[in-house]
Structures are given as structure tokens and as C-alpha cells.
Amino acid sequence: MRLPKRRARWAWPRETDVPSELPPTAGLPLRVTDLLPGRAPFAERVAEWLQVEQLQLECSGTAAMVVALAAMKRLRPQRDEVIVPAWTCPLVALAIHRAGLKPRLCDLAPNHFDMDSSQLCLLAGDRTLAIVPTHLAGRVADVNATLDVAHRVGAYVLEDAAQALGAQHDGRSVGLLGDAGFFSLAVGKGLTLFEGGLLLTRDPVLRDAFAVSHDSTIRPDARMDWQRALELAGYTLAYRPSLLPLAYGRPLRKALAANDPVAAVGDDFGPDIPLHTVSEWRQAVGARALTRLPAFLDATRVQALRRVERLRQIPGITVFDDAPRQRGVWPFLLLTMPSEKARDEALRTLWTAGLGVSRLFIHALPDYAYLRDIVADTPLPNARSFAARSLTITNSLWLNDATFESICSVLERTVGQLS
Ligand SMILES: *Cc1c(COP(=O)(O)O)cnc(C)c1O
């Protein structure tokens, strides 16, 4: 295991002498040697690792979603709606809009990130093109429940596995139970090309349709190639506790001081969705980093399972983990507090402490100002409650046990005081 050694190196000369900041998620650190020139069949190597037949590389998870939905729309042109959980990444709504379709929001199940199945039944109908179960925080969503509904109305199931590359259900990769699925390779989601996405389907008809959709939607873009290359090199250098105060902590604290939590977590997306190819070089970087990913996922998993047990001892807190037959991945721990007040009180000290405690999506989708014209505002009590009560703790290997314990103490104290 190389990771503990790296941890010691980043702490040099002494932990207290240098400012340090933990990232909110466990991204796989890149090495300068990953950046050497070269070529490698990146998507093929990931497919081999996941034991899936084929993966289609796109420039982001959002782009993968646009390509997939455009293909589905061509196959079932009379359908124009896509059902998504009301608490998810705002890019999902933007991708649906970009594909010329309408998002329909399904409320969450009570105190859970899965869609409420009775509401899902009511929303699904002959206009439904696709339903998008979402594997949030590396946890495995209930795809089977979605499949029942989707097949009854003749809709596709597109698994959003943006946060779950490497997660398995019944020993097989997520994304294979539904008709299709996609992974994100954005910064903060584990393996990164700075931005990237992988599209997966077990259906040969969809596979061909995705390839056609790619050819008609995606263009080479030399300027974006350069921009992403520089961003990826910047990530390689800056993704370490000694430099994250500058690259992550400072903008975070500035946004929070300006009372802008949406900017603080990077939820402030514009309507423009880049749709371009991924350079050979970035694929080679990804292929080199990929060789370290399985060991990294094992190490983060061991750490997470221990910490989930610890968090379980705090009354009133729900921490999400795997059901039998599921084996998720662990970029961070997702938990809910008993009330918004308790969550906010805990974050008052923890969010700016540099310990990797943060929030996932700030709002239910209708509450983002920039989505107002794209999603309808409906009563979504469970999604809004989840947004108000949830927080995340990084599962970076740089978060040591003593610091994790200090986070637990704050949570314990907060719940104790406020209940
Ligand atoms: C990040 C994310 C996306 C979009 O992926 P990008 O690669 O950032 O475009 C979609 N869905 C979820 C749940 C995400 O977290």
C-alpha cells in the first residue's frame, strides 16, 4: 500500500507548520509521471477492469447523458419527458434540457436518496422517455424498483452512476441492470481526466444508437483540449493538503462569507454544455492512473466501513451504506441529521475548518434560480428535507482517525444540544 507513505510526505515538514486542507471527496491523486506523453486505449482498459463489453468515452458525465438521451429520443420520438430524483446534480436537468426534453421531478423516499416509488408510478406514462435512478455518493440505488415502473410504461432506464465508478450490484458493475448508465470522470469523483464521462449499455441497439448520436453531436475542439490539459496538470499539482487551501479552501470560504452556498459547493453551473472529443493524451493519463484505482478503492472502502460504524453510534444520524448484494464505492460519507437546525449548527464550525466536511447538492432542483425555466416547481417535501438535513464527510485517506473523531464529537454534541 502506497497511500499511507504519501500521506506522510504531504505532511512534511510538520503538520502544524503548513496550512492544510482536505478535499471534500476522495479523488485518486495523480502523479507527475501520469502526465508523460503517450497514447493508451483508456475506455477499453476501464471496460476490462469493470468486466463490461464496451464503454463510450465522452467529455463529461453531462455530455454522456446528452448523447444517451438524444439517441433514446431518436428511437422513441413520441416521448419527451425524463424522470429524475428531485435532489440530484443540477447538470442532470441541464443535460435533459440540452437534449430537447423535459425533466419531471420525482420526490425522494422519506429520509432516503432513492426516488419515492409510489410517486414514480404516478409520474410515469406514455410521454416518459427515460427514468434516471441515481447512485449517489457511491451508494447503489434501487434500480429494480425503477425497472418495474419503466417497463410497464415502455420507458428506458438510464442509471446515473456519475458518483459510482467501480460500484457493483450482485458482483456486476452498476449501469448493467438498467438499459444504460453513465459514469463521471470529473474532479472529485474518484478517477479524473479533469472532465470526462463513460457511457455504458448492455443493449446492442442502444450501443449503435449511442455511437451515431456521438458522431452527430460531438466535435473535436483544440482549444478545449488545451484548456483541459492545463486543468488536469493543475489538478495533479494542487491536489494535496498543502496546496488545497489555495485551490479549494479559499474560494470556498469566500463563497460562504458572501452567503453563496451554491458557489461554495460548485453547484453554480451555466447553461453551456461543452460537447467535444477527449484528447489522446488525457486518455493516456487516465489509463496510467487507472492502474492504481482498484487498490485506492479498496483502501477507501476499509476506511469508510469503519467510520460508518462509528457514525452509527450517534443517535439521530442516518448514515448511508450498502444493503446485502451491493458493493458501492466510497468517495465520501453521506449522512442526514435530525433537523436542519442541527445540520446548520454542525456545519457552522465544520464547513470552514478544512476537514473535508461539506454538503452535496444545496437545493432540491426547483430551488436553483438558474433552473427556474427548466424544471417545474412542485411540492417536494422529502427532497427539500434531505437537502436541508444532509451533509458529507470526505473519505480522503488524508483524513486521519483523530481528526475524524473530532468531527464525530462535533456531530454528537450538536445532536445532543438540539434534541
Ligand atoms: C457530477 C454529476 C453529474 C454530471 O457529471 P459531470 O461529469 O460533472 O458532467 C451527473 N449526475 C450526478 C449525480 C453527478 O454527481
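Please read these numbers as outputs of a predicted model, since none were measured by experiment.

### Describing the packing of aromatic side chains
Geometry of an aromatic ring pair is reported as the spacing of the ring centres plus the angle between the planes.
Point 1. Tallying each qualifying case throughout the model produces seven aromatic pairs.
Point 2. Relative to Y370, the ring of Y368 has its centre 5.7 Å away and its plane inclined at 55 degrees; by these criteria the two rings are tilted.
Point 3. Through a chain of ring-to-ring contacts, the aromatic side chains of W87, F113, F320, F361 and F386 assemble into a single cluster.
Point 4. Across the ring face of W330, the terminal group of R139 is positioned such that the distance to the ring centre comes to 3.5 Å.

### Re the side chain of Q283
Point 1. As for its placement among the helices and strands, Q283 is situated in helix α11 (residues 280-290).
Point 2. The class for Q283 is buried, based on a relative accessible area of 16%.
Point 3. Engagement of the side chain of Q283 in a polar contact is seen with the backbone oxygen of V278, the distance being 3.0 Å.
Point 4. Here Q283 is in contact with A40, F42, L57 and V278, once residues within four sequence places are set aside.

### Brief notes about the packing of helix α12 (residues 293-312) against helix α15 (residues 401-418)
Point 1. At a closest axis distance of 11 Å, the pairing of α12 and α15 adopts a crossing angle of 25 degrees. When the interaxial angle is binned, α12 and α15 end up roughly parallel. Judged by the sense of rotation from one axis to the other, the crossing of α12 with α15 is right-handed. Seen from α12, the contacting residues are R306, R307, R310 and L311; seen from α15, they are D401, F404, E405, C408, L411 and E412.
Point 2. Per-class residue counts for the contact of α12 with α15 are four nonpolar, no polar and six charged.

What counts as what
Residues numbered from 1 in each chain as written. Predicted model: local features only at pLDDT ≥ 70, side-chain atom pairs only at ≥ 80, totals over all residues. Heavy atoms only, no water. Phe/Tyr/Trp six-rings, centres within 6.5 Å; stacked < 30°, edge-to-face > 60°. Lys NZ or Arg CZ within 6 Å of the ring centre and 35° of its normal. Helix = DSSP H or I, 4+ residues; strand = E, 2+ residues; numbered from the N terminus. Buried < 20%, exposed > 50% of the residue type's maximum accessible area, 1.4 Å probe, protein only. Polar contact = N/O pair within 3.5 Å; in protein donor to acceptor, adjacent residues only side chain to side chain. Contact = heavy atoms within 4.5 Å. Axes fitted to C-alpha atoms, helices over the stretch in contact; angles between N-to-C directions. Parallel < 35°, antiparallel > 145°, perpendicular 65-115°, else oblique. Left-handed = near helix turned anticlockwise from the far one by under 90°. Nonpolar A, V, L, I, M, F, W, Y, C, P; charged D, E, K, R; others polar.

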